[in-house]
Each structure stands twice: as C-alpha cells, then as structure tokens.
Amino acid sequence: MSGSYDESASFEEATDSFWEVGNYKRAVKRIDDGHRLCNDLMSCIQERAKIEKAYSQQLTDWSKRWKQLVEKGPQYGTVERAWLAVMTEADKVSELHQEVKNGLLNEDLEKVKNWQKDSYHKQMMGGFKETKEAEEGFKKAQKPWAKKAKELETAKKAYHLACKEEKLASTREANSKAEASVTPDQQKKLHEKVDKCKQDVQKAKEKYEKALDELSKCTPQYTEHMEQVFDQCQQLEEKRLSFLREVLLDIKRHLNLTENQSYASVYRELERTINAASTQEDLKWFSNNHGPGMHMNWPQFEEYNPDVAHPVAKREKVKKPNEGVTAVGDHVLAQAGDRGRSSPL
C-alpha cells in the first residue's frame with residue numbers, strides 16, 4: 001500500500017458545485033436578491049420620473065420667457081408666428097413629458113410595488129416566507145446525504161492516516177536493515193509494526209470503501225430532492241424575470257414618445273406653421289406699414305376756411321416797459337389802454 005499512496009492528494013479540495021454541502025445558499029439568496037432588485041427598479045423609475053418632471057418644467061419656463069421676448073421684440077409677420085410656434089412645441093412637449101412622468105409613477109412604479117408585495121411575504125421574526133421555505137427544503141433534502149458525506153470524510157482521513165503510518169513503518173524497517181546496531185529483536189518488532197500497519201490500512205480502506213458505497217447509494221435520492229427544491233426556486237425566479245421584462249416593456253412604452261401620435265402631431269403642426277411663413281408676404285407687410293407702401297397726405301394748396309380750426313404758432317411772451325402787453329399769436333391786447341378807455345374821466 002505504501003507505493004500507491006500520495007500524500008499530496010490526501011485531502012481533495014472541495015469544489016464550488018451546487019451539490020456540495022451548504023452551496024444551495026446561493027439559490028436561496030437569489031430570492032432575497034429578487035426583493036432588493038424590486039426596490040432598485042422602483043428607485044430607478046422614480047429617478048427617471050424626476051428627470052421627466054424637471055425637463056417638463058424647464059421647457060415651460062423656457063417657452064414662457066422666449067414667447068415674451070419674441071412678442072415684444074422687432075420680429076413681425078409670418079416668420080414671427082413660425083418662431084412662436086417653437087414655443088408652442090415646447091409647451092406641448094412639456095405636457096407629454098409630464099404624462100411620461102405620470103405613467104412611470106402611477107402605473108409602472110405601482111405595478112412593481114404591488115407585485116413585490118404579493119410575491120414576498122415578510123415574517124414576524126424577519127426575512128421572507130419564501131426564503132425560509134427554500135432554506136428548509138434544501139436542508140431537509142441535504143441532511144441524509146450530508147451525514148453520509150461527513151462519515152465518508154472521516155473514513156477517508158482515517159484511511160489516509162493509516163497509509164501514512166504504514167509508509168513510515170516500512171521506511172523504518174528498511175533503514176534498520178542497513179544499521180548494524182539494530183538487534184534481531186528490534187528488527188522483529190519493526191517488522192511486526194509494518195504488518196500491523198498493513199492490517200490497519202486494510203481495515204481503514206474497507207471502512208472507507210463502505211462509506212463511499214453508502215454515500216453513492218444515497219446520492220440519487222439526494223439529487224432528486226435537491227432538484228425538486230431547486231425547481232421551486234427556479235419557478236419563483238422565472239416569475240420575477242418575466243415580470244421584470246414585462247415592466248421594462250411598459251417603461252419603454254411610456255418613454256418612447258415617437259410611438260405617441262400626439263408627439264408626432266406636434267412636429268407636423270410645427271412644420272406646417274414654419275412652411276407657411278412667407279418672406280415676401282412679410283416684406284410686403286413691412287413696406288405697406290412702415291415703408292414706401294404707406295399712405296401719405298402730400299402737401300397741397302388750401303384755401304382759408306374760418307370754420308376750420310387752424311393751429312396757432314406760440315410765440316415767446318414779451319412785456320414792454322410800462323405796458324401790460326401780452327403777445328398772443330398775431331393779436332396784441334394793450335391791457336393798459338383798455339383800462340384807460342373803460343375808466344371814467
């Protein structure tokens with residue numbers, strides 16, 4: 001036995017396989033991860049809704065400011081109407097993005113929240129009912145096999161230790177034959193030690209093989225029960241993945257304004273208004289209202305008409321010394337003379 005034993009392979013490293021004892025925990029953790037991912041998705045939706053709301057408000061503010069600037073500015077005519085149509089576009093698109101925000105919060109967010117509530121049931125002591133059921137199912141399925149696996153590991157270690165002892169005993173016996181100081185009695189004892197070690201190795205090997213055989217017989221039932229519990233976890237995850245895909249499509253439908261007929265009509269109307277702008281019509285309007293096309297009352301000879309009030313040019317008041325004289329138009333009133341004529345002599 002000493003020649004076939006390899007100390008470097010005395011303990012095989014455990015694999016990362018699902019079938020190893022305790023490695024089912026990753027499948028159980030996926031249930032808790034599913035609940036957390038619902039929270040993440042809701043946060044994702046809320047942040048996007050916040051962006052949509054802010055953008056909607058920015059469009060409204062921008063439209064209001066520029067509408068006032070254009071209306072008060074020097075632009076005129078059909079081109080002015082086309083420019084103002086861009087502000088109208090902003091108002092309408094603002095409304096649409098407000099609808100996107102409402103759809104995300106009122107439909108998509110609520111849908112995820114309700115699904116999460118219906119799919120994960122919290123326990124009084126913490127955790128979720130679905131997680132506990134999966135954990136208990138895996139433990140129950142693994143318990144008999146785990147016990148046999150532990151017995152196998154103990155038997156393997158005992159066998160490998162016996163092999164190690166047998167190898168050491170054989171080495172001592174071989175070395176003693178080359179030493180003259182070793183007595184025949186000592187040689188006999190060393191040989192008996194080797195024989196005993198070989199017997200121990202054989203016994204340990206039989207126990208090891210028996211434990212392995214028992215574990216092998218237990219394995220089919222173990223895998224069957226483990227797969228049953230795993231399939232239940234897969235069903236839960238399938239529902240979550242299908243739901244997530246469905247919600248993402250709903251979100252896409254709300255975000256994709258190109259599929260919204262109202263959105264398309266905004267730009268059709270904007271294009272019609274811009275195309276309706278006529279530079280020649282605007283130039284003609286300006287000419288008629290502010291240029292050569294304006295009406296003009298050219299100066300002509302006019303006869304004096306006493307019935308028509310004529311504007312009187314104002315002159316600077318002049319007051320001569322000792323005369324209270326006031327000049328008004330072309331008529332001079334000698335106030336002092338008038339007082340003299342009216343006063344009795």
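1. Concerning the confidence of the model for the chain
Stage number 1. Of all residues in the chain, 86% have pLDDT values of 70 or greater, and the mean over the chain is 86.
Stage number 2. A low-confidence stretch, residues 323-345 (pLDDT under 50), is modelled with 13 contacts involving residues beyond four sequence positions or located in other chains.

2. Concerning the pattern of salt bridges
Stage number 1. With the rule as written, the count across this model stands at 18 salt bridges.
Stage number 2. Close ionic contact of Glu 135 with Lys 25 constitutes a salt bridge, the shortest N to O distance being 3.2 Å. Of the two residues, Glu 135 sits in helix H3 (residues 129-176) while Lys 25 sits in helix H1 (residues 25-72), which places them 110 residues apart along the sequence.
Stage number 3. Using a relative accessible area of 17% as the deciding quantity, one classes Glu 135 as buried.
Stage number 4. Judged by its relative accessible area of 46%, Lys 25 falls in the partly exposed class.
Stage number 5. When the shortest N-O distance is used, the salt bridge between Lys 252 and Glu 259 registers 2.9 Å.
Stage number 6. Here Lys 252 falls in the partly exposed class, since its relative accessible area comes to 39%.
Stage number 7. Several salt bridges share partner residues, and in doing so they unite Lys 111, Glu 246, Asp 250 and Arg 253 into one network.

3. A closer look at the environment of Glu 166
Stage number 1. You can see Glu 166 is positioned in helix H3.
Stage number 2. Its relative accessible area of 1% is what places Glu 166 among the buried residues.
Stage number 3. Here the alpha-carbon distance between Glu 166 and Val 201, two residues 35 residues apart in the chain, equals 7.3 Å.

4. Considering helix H5 (residues 261-276)
Stage number 1. The end-to-end C-alpha separation of H5 is 22 Å, in line with the 22 Å expected for 16 residues at 1.5 Å each.
Stage number 2. Put simply, Asn 260 is the residue that caps the front of H5, since its side-chain oxygen is 2.8 Å from the backbone nitrogen of Ser 262.

5. Describing the nonpolar core
Stage number 1. Ranked by size, the top nonpolar core spans 40 residues in total, and within it Ile 45, Val 112, Phe 138 and Met 226 carry the most contacts.
Stage number 2. Those elements that provide at least two residues to this core are H1, helix H2 (77-119), H3 and helix H4 (184-255).
Stage number 3. When residues in this core are grouped by element, the largest group, 10 residues, is from H4.
Stage number 4. In contact with Ile 45, not counting residues within four places along its chain, are Leu 104, Asp 108, Leu 109, Val 112 and Ile 251.
Stage number 5. Counting residues in hydrophobic clusters, the runner-up holds five residues, among them Ala 162, Cys 163, Val 201 and Ala 204.

6. Remarks on the packing of aromatic side chains
Stage number 1. Under the definition given, this model contains 13 aromatic pairs.
Stage number 2. Considering the side-chain rings of Trp 19 and Tyr 222, the 5.9 Å spacing of their centres and the 65 degrees angle between planes classify their relative orientation as edge-to-face. A residue pair is termed long-range when its members are at least 10 positions apart, and Trp 19 in the segment before H1 and Tyr 222 in helix H4 qualify at 203 residues.
Stage number 3. Judged by relative accessible area, which is 2%, Tyr 222 ranks as buried.
Stage number 4. One aromatic cluster is present, built from ring pairs that chain together Phe 18, Trp 19, Tyr 24, Phe 138, Trp 145, Tyr 222 and Phe 230.

What counts, and where the lines are drawn
- Sequence order as written defines residue numbering, which begins from 1 separately in each chain.
- The predicted origin of the model limits local features to residues at a pLDDT of at least 70 and limits the giving and counting of side-chain atom pairs to 80 or more, whereas totals for whole chains, interfaces and linings rest on all residues.
- Side-chain numbers here rest on the full set of heavy atoms in the structure, without hydrogens or water.
- For every residue, the predictor assigns a confidence score, pLDDT, that lies between 0 and 100.
- What makes two residues a contact is simply this: any of their non-hydrogen atoms within 4.5 Å.
- Should a side-chain nitrogen of Lys or Arg be within 4 Å of a carboxyl oxygen of Asp or Glu, the pair is scored as a salt bridge.
- The way it works is that DSSP assigns letters per residue, a run of H or I at least four long becomes a helix, a run of E at least two long becomes a strand, and they are numbered from the N terminus.
- The rule is simple: take the accessible area with a 1.4 Å probe, protein chains only, and divide by the maximum for that residue type; under 20% is buried, over 50% is exposed, in between is partly exposed.
- Here a helix's expected span is defined as the number of its residues, less one, multiplied by 1.5 Å.
- Polar contacts, as used here, are pairs of N or O atoms within 3.5 Å; protein pairs need one atom able to donate a hydrogen and one able to accept it. Residues neighboring in sequence count only if both atoms are side-chain atoms.
- The criterion is simple. A nonpolar core is a set of buried Ala, Val, Leu, Ile, Met, Phe, Trp, Tyr and Cys residues joined through side-chain atoms within 4.5 Å.
- Side-chain rings of Phe, Tyr and Trp, where Trp is taken by its six-membered ring, are said to pair if the distance between their centres is within 6.5 Å; with planes under 30 degrees apart they count as stacked, over 60 as edge-to-face, and otherwise as tilted.

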